[in-house]
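Here is how the chains run, residue by residue.
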2 protein chains.
Amino acid sequence: MASRLRAEVRAEVRALREAGVRPRMSVVVASDDPATRVYVSSKAKTAEALGLEFTVVDLGSGASQSHLEATLDGLSRDPEVHGVMLEFPLSRGLDPDRALRRICPEKDVEGLTPGNLGLIAAGRESEALLAPTPQACLLLAATQGELRGERVAVVGPGRTVGRPLIHMLINHGATVTVVTEGTRDVRAALEGCRFVFVAVGRAALLGPDQLHDGQIVIDAGINVNEGGVCGDVNPAVYPRLAAYTPVPGGVGPVTSVLVFRNFVRALRLQRGENVHDR
Amino acid sequence: MASRLRAEVRAEVRALREAGVRPRMSVVVASDDPATRVYVSSKAKTAEALGLEFTVVDLGSGASQSHLEATLDGLSRDPEVHGVMLEFPLSRGLDPDRALRRICPEKDVEGLTPGNLGLIAAGRESEALLAPTPQACLLLAATQGELRGERVAVVGPGRTVGRPLIHMLINHGATVTVVTEGTRDVRAALEGCRFVFVAVGRAALLGPDQLHDGQIVIDAGINVNEGGVCGDVNPAVYPRLAAYTPVPGGVGPVTSVLVFRNFVRALRLQRGENVHDR
C-alpha cells in the first residue's frame, strides 16, 4: 500500500511541476529533541525522492511562544510554501495548541489544526486535511472489510491519533467503543469488536488477555526499547488474530507517505481545485 | 439544579456590574426560521432576569456569507460585547463552519468554535468554553455517581451535543461506546453501559427493546409533535431505569442557564482572570 501510494504521489508532484508549480514543504522545529532531527531528516529524504522542495526552519530550544507563532504566521502567508509542519515535542513552556492555530488549515499537512479537526468532527471529511496516522489506520482496516455497521474499538484517545480516528470511524458509520486509562476491564470492553485500533505507546499493552480470537488489530503504537522498535500489541497474540499490522512495517510506512499525499491535496486546495472525493 | 445555577449566575452578574462592567451578549440571526425567533426571545427574557444586556443582530434570510462573517468579526472585536451566539439553522447556502470560525473563542458562549472544540479534544477543558448541552448532560449524570471507569454510551454523534460529549466523557475517564445510524444492534451495543446519553432528535428512539434494566439515561432529544414536546426516550421504559431525565424538564432547563454561566466565564476570560476550576 505504501509503495502504491508513493508512486501516486510522485506522479502528482511531477504533473504539478510540469504545470509550473514549485512544490515546497516547510517544517518548523522548536526544541533540542534529538529524535526530532532524525524524523525531520527522514522526511527530507522522502520529500527529495518525491520531487518536492523541503525547508527546515530550526528555531532551536530557546524560541519564545511569540517567535514560534510569528514564524508559523509567516509560513502560512508565504505563497511559495504549500505545506507547513510543526514537529513535536516542543520545548517546555511552549503551548502546542496556541501554536497550531497559526498554521492555516489549507497548509496543515498533518491535519492537526482546530480548523481541520473541526471539519472532521462536523462530518465534513472531504473538505479537510486528515491527520496521516488515523488515515493510515482506516486505509489498512478497509483492506479487511467495510467498517459501516461494525463494532470497533479505539484504545487510547490521544490527540494526534485516537481522537481524530474516533470521529473518522463515526463518519464511516461504525459503532465505536473508546478504551481510556480509566477503563477497568479492557477485555470486556473489546468483546464483540471486529476491529481494534490501538495508539497508546506502551509495549505489549494488548495481548492474549485483552484481545479476542479472530479480531483485526491495527497497531499505531511506536515504542523504542533495547531490541529496537515495537508496537502496543504483544506478538504472542498474532496467531489468534484474523489480521494485524506489525510494528515496524505496518501503520508507519503508510503514514509517512500520507503526509505527502496530504501535501499534494493541500496544494490543490490552495489552487482552488475541487478536491472532494480524492 | 437549574434554579441553583441561575442564582449563582445572577450573583456573579451583579458582582460584575458593581465592579463597573456592563455585561452584554449579542446574538446573530441569519434565517427566517420562525422557531429561531421564539428561542431568541426566550433567551432575551432570561438575560434580562439575570441582569445582563442582550442585543439581537437580525440579518434576515437574505444575508450573504461575507456579510455574516463581517458581522461576527465586528462583534468579536467589539470590547463592549462579551458573548456572541450564532443561531442555527442558517439560511440555505450559508456555511456554518466558516461562520463559526469568525467568533473569537473567548466570546463563544455556546462552545461551538473550532478553538473551543479543539481544547476539549486536547483534554484542556478547564481552559475552554464548553457547549452547554453536553455540559448539562454531564452535570446531571454526575448526580448519580462517578463517570470514571464506568461504561457509558452516547447515542447520536451530532456536532453540537454528541461529538463534544464524547470528548468530555473521555476526559472524565469513562469507557465510551458511540452508537451511530450505522449501528446494527443497538441493544447489544448498550449492554453493560451504566449511563446512556441520547441526542438524536427522534421520538421514542430508545425504549424497552433498546435499554437495559437499571440504566441511567440522560435524554438531550427535543421533538415537537401534536401532543407537545418529547425526548428521544419512550417513557414506557422509565419504570425500569435507575434514573432518567424527563423531556421537558430535564436537560433543557439546565442547558438554558449554562449558556449564561458560560457568558460569565467568557467575560472573566476576556478580563484575563484565572478561570480554571470554575
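- As recorded by an unreviewed UniProt entry, chain A carries the name Bifunctional protein FolD and is attributed to Deinobacterium chartae.
- Recorded under Sequence similarities (unreviewed entry), the UniProt text for chain A is reproduced unchanged: "Belongs to the tetrahydrofolate dehydrogenase/cyclohydrolase family."
- In UniProt, chain A has this text filed under Function (unreviewed entry): "Catalyzes the oxidation of 5,10-methylenetetrahydrofolate to 5,10-methenyltetrahydrofolate and then the hydrolysis of 5,10-methenyltetrahydrofolate to 10-formyltetrahydrofolate."

Some points on the sheet that holds strand β1 (residues 24–29) of chain B
Residue and element names in this part refer to chain B.
Right, on to step 1. Read from one edge of the open sheet, 3 strands run β2-β1-β3, paired in parallel fashion. With partners counted over all chains shown, the strands left at the sheet margins are β2 (53–58) and β3 (83–86), one partner each. Here the average twist between neighbouring strands, direction ignored, is 20°.
Right, on to step 2. Direction of pairing for β1 relative to β3: parallel, over a ladder of 4 bridges. Residue pairing in the sheet places V27 in a bridge with M85 of β3.

What to know about the relation of the copies chain B and chain A
Right, on to step 1. For the pair chain B and chain A, the superposition axis carries a translation of 0.0 Å, the fit reaches an RMSD of 0.0 Å, and the rotation angle comes to 180°. Here the transformation between the copies is reduced to the relation of a two-fold axis. Among all residues of chain B, the one whose C-alpha sits closest to the rotation axis is T177 of chain B, at a distance of 2.0 Å.

Observations concerning the sheet that holds strand β5 (residues 175–179) of chain B
Right, on to step 1. If you trace the 10 strands from one edge of the open sheet to the other, you get β10(A)-β7(A)-β6(A)-β4(A)-β5(A)-β5(B)-β4(B)-β6(B)-β7(B)-β10(B), paired in mixed fashion. The sheet is open, and its two edges are formed by β10 (243–244) of chain A together with β10 (243–244) of chain B, each paired on a single side.
Right, on to step 2. Examined bridge by bridge, strand β6 (residues 195–198) of chain A and strand β7 (residues 216–219) of chain A share 4 bridges and lie parallel to one another. If you follow V196 of chain A over to β7 of chain A, its bridge partner there is V217 of chain A.
Right, on to step 3. Packing of helix α7 (residues 162–171) of chain A onto the sheet brings it into contact with β4 (151–155), β5 (175–179) and β6 of chain A together with β5 of chain B, and relative to β4 of chain A it is tilted by some 170°.

Thoughts on the domain arrangement of chain A
Right, on to step 1. The domain boundaries assigned to chain A delineate domain 1 (17–107) and domain 2 (132–252).
Right, on to step 2. One C-alpha centre belongs to domain 1 of chain A, the other to domain 2 of chain A; they are set 29 Å apart.

Here's the deal with the UniProt feature "domain: Tetrahydrofolate dehydrogenase/cyclohydrolase NAD(P)-binding" (unreviewed entry) in chain A
Right, on to step 1. In the numbering adopted here, UniProt assigns the feature "domain: Tetrahydrofolate dehydrogenase/cyclohydrolase NAD(P)-binding" (unreviewed entry) to residues 133–269 of chain A.
Right, on to step 2. This span, residues 133–269 of chain A, is 32% helix and 19% strand, and a straight line between its end C-alpha atoms measures 21 Å.

A look at the interface of chain B and chain A
Right, on to step 1. Tallying the contact residues gives 37 residues for chain B and 36 residues for chain A.
Right, on to step 2. Of the roughly 2,900 Å² buried at the junction of chain B and chain A (both faces included), carbon and sulfur atoms supply 47%.
Right, on to step 3. Applying the counting rule to chain B against chain A returns 6 salt bridges.
Right, on to step 4. Of the charged contacts, one joins R124 of chain A and D95 of chain B as a salt bridge, the two residues approaching to 2.9 Å between their closest N and O atoms.
Right, on to step 5. Our count for the chain B to chain A interface comes out at 22 residue pairs in polar contact (both at pLDDT 80 or more).
Right, on to step 6. Where the side of chain B that touches chain A is concerned, the elements lending two or more residues are α4 (96–100), α5 (114–121), α7 (162–171), β5 and α8 (186–190) of chain B.
Right, on to step 7. Sheet topology note: the β5 of chain A/β5 of chain B ladder contains 3 bridges and is antiparallel. From the neighbouring strand, V176 of chain A faces β5 of chain B, where its bridge partner is V178 of chain B.

Cut-offs applied
Residues numbered from 1 in each chain as written. Chains lettered and ligands numbered in written order. Predicted model: local features only at pLDDT ≥ 70, side-chain atom pairs only at ≥ 80, totals over all residues. Heavy atoms only, no water. UniProt positions renumbered as here; feature names shortened; annotations may be inferred. Pairing = 2+ DSSP bridges. Helix = DSSP H or I, 4+ residues; strand = E, 2+ residues; numbered from the N terminus. Axes fitted to C-alpha atoms, helices over the stretch in contact; angles between N-to-C directions. Least-squares fit on C-alpha atoms with pLDDT ≥ 70 in both. Contact = heavy atoms within 4.5 Å. Domains from an automatic or database assignment. Buried area = accessible area lost by both parts, 1.4 Å probe. Salt bridge = Lys/Arg side-chain N within 4 Å of Asp/Glu carboxyl O. Polar contact = N/O pair within 3.5 Å; in protein donor to acceptor, adjacent residues only side chain to side chain.

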